[in-house]
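# Survey of secondary and tertiary structure
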Amino acid sequence: IDNIIPLHCRKVWSKHQVKKFEDNEGFQQRFIGHVETTLARSLYNCDDLAAYEATSLSVRDNLIINWNATQQRITARDPKRVYYLSLEFLMGRALDNALINMEVEKPDGKGMESSRALVSKSLDDLGFRLEDVLEKEPDAALGNGGLGRLAACFVDSMATQNIPAWGYGLRYEYGIFAQKIIDGYQVETPDYWLNFGDPWEIERNEIHVPVTFYGYVDRPSGDTSTLAPSEWIGGERVLAVAYDFPVPGYKTSTVNNLRLWKAKPTTEFDFAKFNSGDYKNSVDQQQRAESITAVLYPNDNFNQGKELRLKQQYFWCAASLHDIIRRFKKSHKPWSEFPEQVAIQLNDTHPTLAVVELQRILVDMEKLDWHAAWDIVVKTFSYTNHTVMQEALEKWPVGLFGKLLPRHLEIIYDVNWFFLKEVEKKFPKDLGLLGRVSIIEEASPERQIRMAFLAIVGSHKVNGVAELHSELIKTTIFQDFVKVYGEKKFTNVTNGITPRRWLKQANPKLAELIGQAIDDPDENYLLDMSRLTELAKKADDPDFQEKWDKVKAANKVQLADLIRDINNGVDIIDREHINNTLFDIQVKRIHEYKRQQMNIFGVIYRYLAIKRLLKEGASIKEVAKKYPRKASIFGGKSAPGYYMAKLIIKLINSVAEVVNNDKEIQDLLKVVFIPDYNVSKAEIIIPASDLSEHISTAGTEASGTSNMKFVMNGGLIIGTVDGANVEITREIGEDNIFLFGNLSENVEELRYNHQFHEAEMPTELDVVLKCIESGKFCPDNASEFRPLTDSIKQHGDYYLVSDDFESYLATQELVDEVYHGQRQEWIKKSILSVANVGFFSSDRCIEEYSETIWNVEPVKPEE
Ligand code: GL2
C-alpha cells in the first residue's frame, strides 16, 4: 500500500480518519447527522422509526470502524479462517444486541462498559425512549427455527471469541412468513422485512459474482473422460451481489462479517431475443433472476425437493466459494495449503453443493489432478447433521439435478464411483453394502442423489448436535458409513446458545441479579458461564430466593402484557394471581414429533377433571387444591402445507375458546396461543416461564435449543429423554428436571406393536379423544379434529402419544405439587439449574468446533 499511495495523500486521509463516538455528545452528533443528511429529515419530522434508523446507523458506524480494523488485522496475519455456510440465519433484532456487545469508555475513564446506557441517555436528551426505538426494528427472520437460530448464536460466539470467521447465507427479501390467527386457523402473510430498508446491511454492488445454471458440458481437450478438465457452457447467468452485516463480539473490538447474497440480473442482454422482436420476454427472463433470493422456504425439518430451492443452494454455494477462493488467492499460497487456510462448515446438507463446486473449480478451472483436488476438498469441509428424520433428509432426482447442473452431476457420479471402489476393496462382494452407501439411490420412478451421503464422503468430520443424537446417527441413518470409515470420523458437538442475547438481552434483571450475587457487576461471567456455579451457594438463601422470585414475577407481568395486547387489550390471565399461576409454555415450530397435540390433550384432560370435580359438588377451593392455577401457553408456526400441524393449531385455539370462556372454572385454567412466534417474542416469553415443555417422541428431536434458553432463564423443564434434555439433566441434576416417557431404544418396538395390535388407549387419553370427537370444541363441524384422534387410534400412533400420556399426566401432577406446595423448593431448583447451565453457552460449542474440527485459533485485537 505504501508504494501505491503517495505520502501526502496518506497524510490527508489519516488527518480525517473517522472516529468512533465515545460519549453522549459524540453519539448525538452522529445521530443528528444521520437524521439530517442520510435520512434527509429534520428534528420536526423525526419519528421513532427515523430515530431507530439514525441510532442504528450511528452504532453501525462504530461497528464498521471495528470491522475494518478486524478485517485488516486478519488480512495482515493471514491465519486459517472459518466459513460457516448456512441457508438460514435467524438473527432477530440487531440494535439492542449491538448496544450490549459494543463497548464504550466508562464516563470516569476507568475501563469500558456496554454502550447501552450511553445511547439510552443520549436518546433521552434528544426526546426519544430507547425502548420505543428498539421496538421499531423488524426481526431479521431469515430462518425457520432451531437450525437457523443456532447459526445466529454461532456467529455471535465466533466474534466474541475472536475467531476469524465469516458466515455465508442468502439475503431473502421475504423471511419466514408472519403468522396470523383468524378464527383459530393459521393464515400466512408475507414478511417483507425490507419494507423500510435495513440500516444494518452494507450493500456491496462492487462485489458481484456471476453464477451459471443449465447448459451443457464440453471437453475441449477431446478427452472423453469426465475426470478430465471440462468446460461447462451455461445456459442462464445471474449475478450474486454481496450484502454485509457486521457481527460484533461481546467485550471485544472484533467485528466479524455475515455475507448474504442477493440475486440480480446480469447486465448482459439477450440481443437475439430482442432483435427477434421479443423485447418483453428478454426483460422477463432477466427479472426472474431476482426470484432466486426472493423467499425463504418455510419448511422446518422437511424436504420438499423443489427446483428453485436447488437453484438457491447452488447460487449461494457458487458465490460463497468464489469469494473464499478469491481471498485465498491473495496470499499466493499453493493449492495444497488451501485446507490449512480454510475450514468450511456445512450447516446441514443444504450447502453440500459447495463440495462439488470446489472439486469442479480445482479440476476444471485450476487444472488440478482429480485425486489431488479431492484430497483438498475433503480436508476443507466438515458437515453437521441436524436430524435423523427421513422426511427431512435431502434428496434430488438426477433428472432435475442434471438439467440444472450438468457438470456437477458428472462429478457426483465420479465421486461416487471412486468411493464405491474404496468400499468394495474393504468389503469385497458386499453388494448390499454398496447399494446402501451409494450416493445415488436406485429409487423408482427415478434415481435420487442422497445429499447427506455426499456430505459425509466429501467431509473429514461429521458431527451430531447432542450426545444422544450423535450416537443415534451412528446406529441408524449413517450406520454403514461407520463401518466404512470407522468411528473417528463421527463426533458430537452439543448445541449451545449465546448468553448475551438469551440472558443479558432477554432478561436484563436476572443478568444483573446474577452479576451481583457472584460479585461480578461488570458481567464478565457472560464470557465464562462456568462461573455461574458460584450461584449454588445462594440456592438456600431465603433473601436471595425472594429476589430471584421477584425477577420471575416481573417477567411474567411483561408476558401478561404481551398477551393482553394480542387479545385486543383484554387480559386473559388474572393479573392479581400472576405469581400464583404456573406459566406452562411450549413455543417452537408446530410438528407432530414435537407433540404439541399431547400437551393440548393434557390441557383438555385437566379441564374435564376440573369440571367433573365441580359437578360432583366440590367447591372451587377444593378443586384448586388438586388443580391449581395454570396458564398453558403455546406459540409456533406450522409449515404452510402441513395439514396436521395446522389442525393442531386450530385445536389449541378451539380449546382456548371453550376453556377461557367457562366462568364455572374461575380462572383455574387458561389457554393462550401467541400468534407469530419469533425471536423478539421469544425474548419476552422465555424469561417468563415457570415450566416449559420439550416433549418430543424419544429419538426425534436432534437437540433442541430452546430447552437451554428456558433453563438459562430460571425456568424448569418437563421433557422426554431426548436431544439435549439428556445432557441438561446431567448438568443440572435429575432432581431439577421433570423427565417422563419411553426411551428412544423402545420406540421401534412400540411402533411395531401399534401396527399389529388394536391400539390400547389409556383411560385418560380415551376420555380426551372421545371428548374431542364429540364435537365439544367444534360444535359446528364435529368431525373437524378427527384426523388428529384417528392418527392415534387408527393409524398406528406413530408419535407414541398413547404410550407416554399417562406418565406425562403423572409428571404434570408432580409439577403442580412442587410449584404450589413447595415454592421454596421450586425456586431452589430454578437457581441450581441456572448455576449449572454454563455448559450450554455457544462459546463452548465454538471452542469445541475450533479445536476438534476446524483447527483454527483466535486472532485477538491488540490490547
Ligand atoms: C434441527 C433440529 O430439529 C433441532 O432439534 C436442533 O436443535 C436444531 C439445531 O441443531 O436443528 N434440525 C432441523 O432440521 N431443524 C432444526 O431445528 N430445522
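All figures in this text were calculated on a predicted structure; none of them were measured in a lab.

## A few points about the overall build of the protein
Each helix and strand in the protein was counted, giving 34 helices and 26 strands. The globule rule puts the C-alpha radius of gyration for 863 residues at 29 Å, and the 28 Å found for the protein is close to it. In terms of overall dimensions, the protein has C-alpha extents of about 90 × 75 × 60 Å along its principal axes. Accessible surface for the protein amounts to roughly 35200 Å². Of this, 51% is attributable to carbon and sulfur atoms.

## What to know about the environment of N746
Note that N746 resides in helix 29 (residues 744-756). Put simply, N746 and A40 are 706 residues apart on the chain and 65 Å apart in space, counted from C-alpha to C-alpha.

## Some remarks on the packing of helix 30 (residues 763-773) against helix 32 (residues 801-821)
Relative orientation of the contacting elements helix 30 and helix 32 amounts to 105 degrees, with a least axis distance of 8 Å. When the interaxial angle is binned, helix 30 and helix 32 end up roughly perpendicular. When helix 30 is examined against helix 32, the residues E764, L765 and V768 are found in contact with a partner set consisting of V801, S802, F805, E806 and L809. Partitioning the contact of helix 30 with helix 32 into residue classes produces five nonpolar, one polar and two charged.

## Notes on the domain arrangement of the protein
The parts lose accessible area when they come together, and the size of an interface is often stated as this lost area. Each domain of the protein was delimited in the assignment, giving domain 1 (18-77 + 95-135), domain 2 (140-495 + 848-854) and domain 3 (499-840). On a C-alpha basis, the centres of domain 1 and domain 2 stand 36 Å from each other. For the pair domain 1 and domain 2, the summed buried surface comes to about 1800 Å²; carbon and sulfur atoms form 61% of the total. Where domain 1 touches domain 2, the interface holds zero salt bridges. The tally of links between domain 1 and domain 2 comes to eleven residue pairs in polar contact (both at pLDDT 80 or more). Mapped onto the side of domain 1 that touches domain 2, the elements with two or more residues apiece are helix 3 (48-77) and helix 4 (95-101). Sorting elements by how many residues they give to the side of domain 1 that touches domain 2 places helix 3 first, with 15 residues.

## Some points on the pairing of strand 1 (residues 81-85)
Of all five residues in strand 1, five are buried; the element is thus mostly enclosed. Residues R81, Y83 and L85 line one face of strand 1 and the alternating positions V82 and Y84 line the opposite face, and both faces are buried. Direction of pairing for strand 1 relative to strand 14 (residues 342-347): parallel, over a ladder of five bridges. Each residue of the ladder has a partner; that of Y84, found in strand 14, is Q345. As paired strands, strand 1 and strand 6 (residues 165-170) are joined by four bridges and run parallel to one another. Its bridge partner being in strand 6, Y83 is matched across the sheet by W166.

## Considerations on the site of the ligand
Taken together, 13 residues surround the ligand, and among them N301, H386, N495, E701 and G704 come closest. Within the backbone of S703, an N or O atom sits 3.1 Å from an oxygen atom of the ligand. Burial of the ligand by the protein chains amounts to 95% of its free accessible area of 390 Å². In the shell around the ligand, the residues fall into five nonpolar, six polar and two charged. Here the shell around the ligand gathers at least three residues from each of two domains, domain 2 (140-495 + 848-854) and domain 3 (499-840).

## Description of the pattern of salt bridges
Applying the stated criterion across every chain, the model contains 69 salt bridges. D47 is the salt-bridge partner of R41, the closest N and O atoms lying 3.6 Å from each other. Note on D47: relative accessible area 37%, which makes it partly exposed. A salt bridge links E471 to K474, with the nearest nitrogen and oxygen atoms 3.4 Å apart. On the criterion of helical spacing, the pair formed by E471 and K474 is a turn pair, its members being three residues apart in helix 18 (residues 467-475).

## Re unusual backbone geometry
Cis geometry is found at the peptide bond from S444 to P445, where omega equals 5 degrees. Note that P445 resides in the loop between strand 17 (440-441) and strand 18 (448-450). The backbone phi angle of K367 is positive, close to 60 degrees, even though this residue is not glycine. Note that K367 resides in the loop between helix 12 (353-365) and helix 13 (370-380). We classify K367 as exposed; its relative accessible area is 55%.

## Some points on the sheet that holds strand 26 (residues 738-740)
Read from one edge of the open sheet, six strands run 23-22-21-24-25-26, paired in parallel fashion. What marks the edges here is a single partner per strand, and that holds for strand 23 (669-674) and strand 26. Ignoring which end each strand starts from, the neighbouring axes of this sheet average 20 degrees apart. The sheet contact formed by strand 24 (residues 691-694) and strand 25 (residues 716-720) spans four bridges and is parallel.

## Overview of the side chain of D804
With respect to the helices and strands, the residue D804 is situated in helix 32. What makes D804 buried here is its relative accessible area of 2%.

## Notes on the packing of aromatic side chains
Tallied over the entire structure, the rule returns 32 aromatic pairs. Considering the side-chain rings of Y174 and Y192, the 5.3 Å spacing of their centres and the 50 degrees angle between planes classify their relative orientation as tilted. Of this pair, Y174 sits in the loop between strand 6 and strand 7 (178-182) while Y192 sits in the loop between strand 8 (185-189) and strand 9 (202-213), placing them 18 residues apart in sequence. Chaining the aromatic ring pairs together yields one cluster made of Y383, F419, F453, F478, F481 and Y485. The ring of Y243 has R171 lying over it, and the distance from NZ or CZ to the ring centre is 4.0 Å. Across the ring face of F213, the terminal group of K311 is positioned such that the distance to the ring centre comes to 5.2 Å.

## Considering the sheet that holds strand 16 (residues 395-397)
Overall, antiparallel pairing links the three strands, which are arranged 16-18-17 in an open sheet. A strand with exactly one partner marks an edge of an open sheet, and here the two such strands are strand 16 and strand 17.

## Topic: the environment of A159
With respect to the helices and strands, the residue A159 is situated in helix 7 (residues 146-160). Given the relative accessible area of 0%, A159 is considered buried. Separated by 635 residues in sequence, A159 and Q794 have C-alpha atoms that sit 52 Å apart. When near neighbours in sequence (up to four residues on either side) are disregarded, A159 contacts V247, P248, G249, T252, T254 and N256.

## Structural notes on helix 2 (residues 24-38)
With 15 residues, helix 2 extends 20 Å between its outermost C-alpha atoms, agreeing within 8% with the 21 Å of an ideal straight helix rising 1.5 Å per residue. Looking at the packing, one finds that the buried side of helix 2 touches helix 3 and helix 5 (116-126). Within two residues after helix 2, A40 carries a phi angle of roughly 50 degrees, on the positive side.

Criteria and cut-off values
- Residues numbered from 1 in each chain as written.
- Predicted model: local features only at pLDDT ≥ 70, side-chain atom pairs only at ≥ 80, totals over all residues.
- Heavy atoms only, no water.
- Helix = DSSP H or I, 4+ residues; strand = E, 2+ residues; numbered from the N terminus.
- Rg over C-alpha atoms; globule rule 2.2 N^0.38 Å.
- Areas by Shrake-Rupley, 256 points an atom, 1.4 Å probe, with all protein chains shown as cover.
- Axes fitted to C-alpha atoms, helices over the stretch in contact; angles between N-to-C directions.
- Parallel < 35°, antiparallel > 145°, perpendicular 65-115°, else oblique.
- Contact = heavy atoms within 4.5 Å.
- Nonpolar A, V, L, I, M, F, W, Y, C, P; charged D, E, K, R; others polar.
- Domains from an automatic or database assignment.
- Buried area = accessible area lost by both parts, 1.4 Å probe.
- Salt bridge = Lys/Arg side-chain N within 4 Å of Asp/Glu carboxyl O.
- Polar contact = N/O pair within 3.5 Å; in protein donor to acceptor, adjacent residues only side chain to side chain.
- Buried < 20%, exposed > 50% of the residue type's maximum accessible area, 1.4 Å probe, protein only.
- Pairing = 2+ DSSP bridges.
- Near = heavy atom within 4 Å.
- Phe/Tyr/Trp six-rings, centres within 6.5 Å; stacked < 30°, edge-to-face > 60°.
- Lys NZ or Arg CZ within 6 Å of the ring centre and 35° of its normal.
- Expected span 1.5 Å × (residues − 1).

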